[in-house]
Amino acid sequence: MQDPAAAGVCGVNAAEGPGGLVEGEAVPKAGQGVVAVYREPYGPVRMCSAAGLRGVALEEFGPVSEPVPYRGRKGIITYWPVATREQTVVCGSLRQWRLAVELDFEPAWAAFSAGPVELRWRAGGRLRRWRPDFLARTAEGVREVLVLKPSGQESLPASRLEVLEEVARAAGWRVRQVREPSGLRVRNLGWLAGYRFPAGDEEGQGQALLEAFRAPTGLRAGVAASGLDELTGLDLAYRMLWQRRLLFDHAQPLLPDAAAWAA
């Protein structure tokens, strides 16, 4: 029987032997490509070659297996319900969580998932495993693999980047290395993320706020000018900031008197 990984067709990974190798499956030797492992939603774990990933909607899948916290991991496991679709992204670290907030806020990203594929290859006589941080699909339908740069470094290690680029070429992905979001923008978006889900019919109140924020105005002043009570108005204003119906200066703290204006 032909190896499904070698053929570029995904096969079912029913059982793993010692060291994560699949019983009855050949592991590629150096120079013979990379094996990719992913789990379909509510389905089996599958194994295929890099070419077998072309067209697979990994950005809509969950992780191959849930990340396990370990001593030294920077953060905790976080379950992130996405604002624009019925999907929960499982983040294995605070670094991933910060990037997930950024991806959820930016309309350029239509869908994303953390660690939905594990790459396996041989190097130096040993089996290597690695899960890139995110697979994402842009609003234009382009799939990208996003990886966080190591702290204090400009790029992934050359050996790992070479493997990733080999897989991306075969799968039809773009590769994007990104810095971990940090600073004031992370704090502002972390605050707004608590308001990312709609809360009932707010269209009439929203129009009143848009009128009040035709020009840059402090949040509390704009709410008062809209005629809404302060608690209800601020709550809605923050929700509209997440939705980008209202805009603000990301270089300034998002305090109740921060300036905002209609998009």
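Residues numbered from 1 in each chain as written. Predicted model: local features only at pLDDT ≥ 70, side-chain atom pairs only at ≥ 80, totals over all residues. Heavy atoms only, no water.

## A closer look at the nonpolar core
Of all hydrophobic cores here, the largest spans 41 residues; its most connected members are Phe-134, Leu-219 and Leu-241. Top contributing element to this core by residue count: helix α7 (residues 230-242), with seven residues. Listed in part, the 24 residues of the second largest apolar core include Leu-53, Val-56, Phe-61 and Leu-119. (Core = buried A, V, L, I, M, F, W, Y, C linked by side-chain atoms within 4.5 Å. Buried < 20%, exposed > 50% of the residue type's maximum accessible area, 1.4 Å probe, protein only. Helix = DSSP H or I, 4+ residues; strand = E, 2+ residues; numbered from the N terminus.)

## Details of the pairing of strand β5 (residues 88-91)
In this structure, strand β4 (residues 78-81) lies alongside β5, joined through four bridges in antiparallel fashion. Bridge pairing in β5 places Tyr-79 opposite Val-90. Remark: six residues form the turn of the hairpin made by β4 and β5, two consecutive strands paired antiparallel. (Pairing = 2+ DSSP bridges.)

## Topic: the packing of aromatic side chains
Taken as a whole, this structure holds seven aromatic pairs when the rule is applied. Ring geometry for Tyr-195 against Tyr-238: centres 5.1 Å apart, planes inclined by 40°, an arrangement best described as tilted. Taken together, the residues Tyr-195 in the loop between α4 (183-192) and α5 (203-212) and Tyr-238 in helix α7 connect sequence positions 43 residues apart. A connected cluster of aromatic rings, assembled from ring pairs, spans Trp-191, Tyr-195 and Tyr-238. One Lys or Arg, Arg-196, reaches over the ring of Trp-80 and ends 3.8 Å from the middle of that ring. (Phe/Tyr/Trp six-rings, centres within 6.5 Å; stacked < 30°, edge-to-face > 60°. Lys NZ or Arg CZ within 6 Å of the ring centre and 35° of its normal.)

## Overview of empty space enclosed by the protein
Overall, the coordinates contain two cavities of 30 Å³ or more when judged by the stated rule. The computed volume of the second largest cavity comes to approximately 40 Å³. Taken together, Trp-97, Arg-98, Val-101, Glu-102, Pro-181, Val-186, Leu-189 and Gly-190 form the lining of the second largest cavity. Those elements that provide at least two residues to the lining of the second largest cavity are α2 (94-105) and α4. Along the lines of polarity and charge, the residues of the lining of the second largest cavity split into five nonpolar, one polar and two charged. (1 Å grid on protein atoms, 1.4 Å probe; cavity = no way out; pocket = protein on both sides within 12 Å on 5 of 7 lines; lining within 4 Å. Points joined across faces, edges and corners; volume = space filled by probe spheres on them. Nonpolar A, V, L, I, M, F, W, Y, C, P; charged D, E, K, R; others polar.)

## What to know about the pattern of salt bridges
For the structure on display, the rule yields 20 salt bridges. The partner of Arg-137 in a salt bridge is Glu-60, with the nearest N and O atoms 3.2 Å apart. Of the two residues, Arg-137 sits in strand β9 (residues 134-138) while Glu-60 sits in the loop between β3 (45-49) and β4, which places them 77 residues apart along the sequence. Where Glu-106 meets Arg-185, a salt bridge forms, and the shortest distance between an N and an O atom there is 2.8 Å. On the criterion of sequence distance, the pair formed by Glu-106 in the loop between α2 and β6 (109-114) and Arg-185 in helix α4 is long-range, its members being 79 residues apart. Overall, the relative accessible area of 24% leaves Arg-185 in the partly exposed class. (Salt bridge = Lys/Arg side-chain N within 4 Å of Asp/Glu carboxyl O.)

## Section: the sheet that holds strand β10 (residues 143-148)
Taking strand neighbours across the sheet as the criterion, the four strands line up as β6-β9-β10-β11 in an open arrangement whose pairing is mixed. In the strand order of this sheet, the two ends are held by β6 and β11 (174-178), each with one partner. Here the average twist between neighbouring strands, direction ignored, is 25°. Bridge analysis of β10 against β11 gives five bridges, and the strand direction is parallel. When the sheet's bridge partners are listed, Leu-146 is paired in β11 with Arg-176. Taken strand by strand, α2 contacts β6, β9, β10 and β11, and its axis lies near 165° from that of β6. Against the sheet, helix α3 (residues 158-171) engages β10 and β11, with an angle of about 145° to β11. (Axes fitted to C-alpha atoms, helices over the stretch in contact; angles between N-to-C directions. Contact = heavy atoms within 4.5 Å.)

## Topic: the confidence of the model for the protein
Mean pLDDT over the protein works out to 85, with 84% of the residues at or above the 70 mark. This model gives residues 1-9 a pLDDT under 50, and the stretch forms 15 contacts once residues within four places in sequence are excluded. When the criterion is pLDDT under 50, residues 12-32 qualifies, and its contacts beyond four places in sequence or with other chains add up to 36 contacts. (pLDDT = per-residue confidence, 0-100.)

## Here we look at helix α6 (residues 219-226)
Residues Leu-219, Gly-222, Val-223 and Ser-226 constitute the buried set of α6. The buried residues of α6 occupy an angular sector of 100° when projected down its axis, which confines them to one face. Seen from the buried face of α6, the exposed residues on the opposite side, beyond 90 degrees, are Ala-224 and Ala-225. Where the residues of α6 are buried, they touch α5, β12 (217-218), α7 and β14 (259-262). One or two steps after α6, the chain reaches Gly-227, where phi turns positive at roughly 90°. (Arc of directions from axis to C-beta.)

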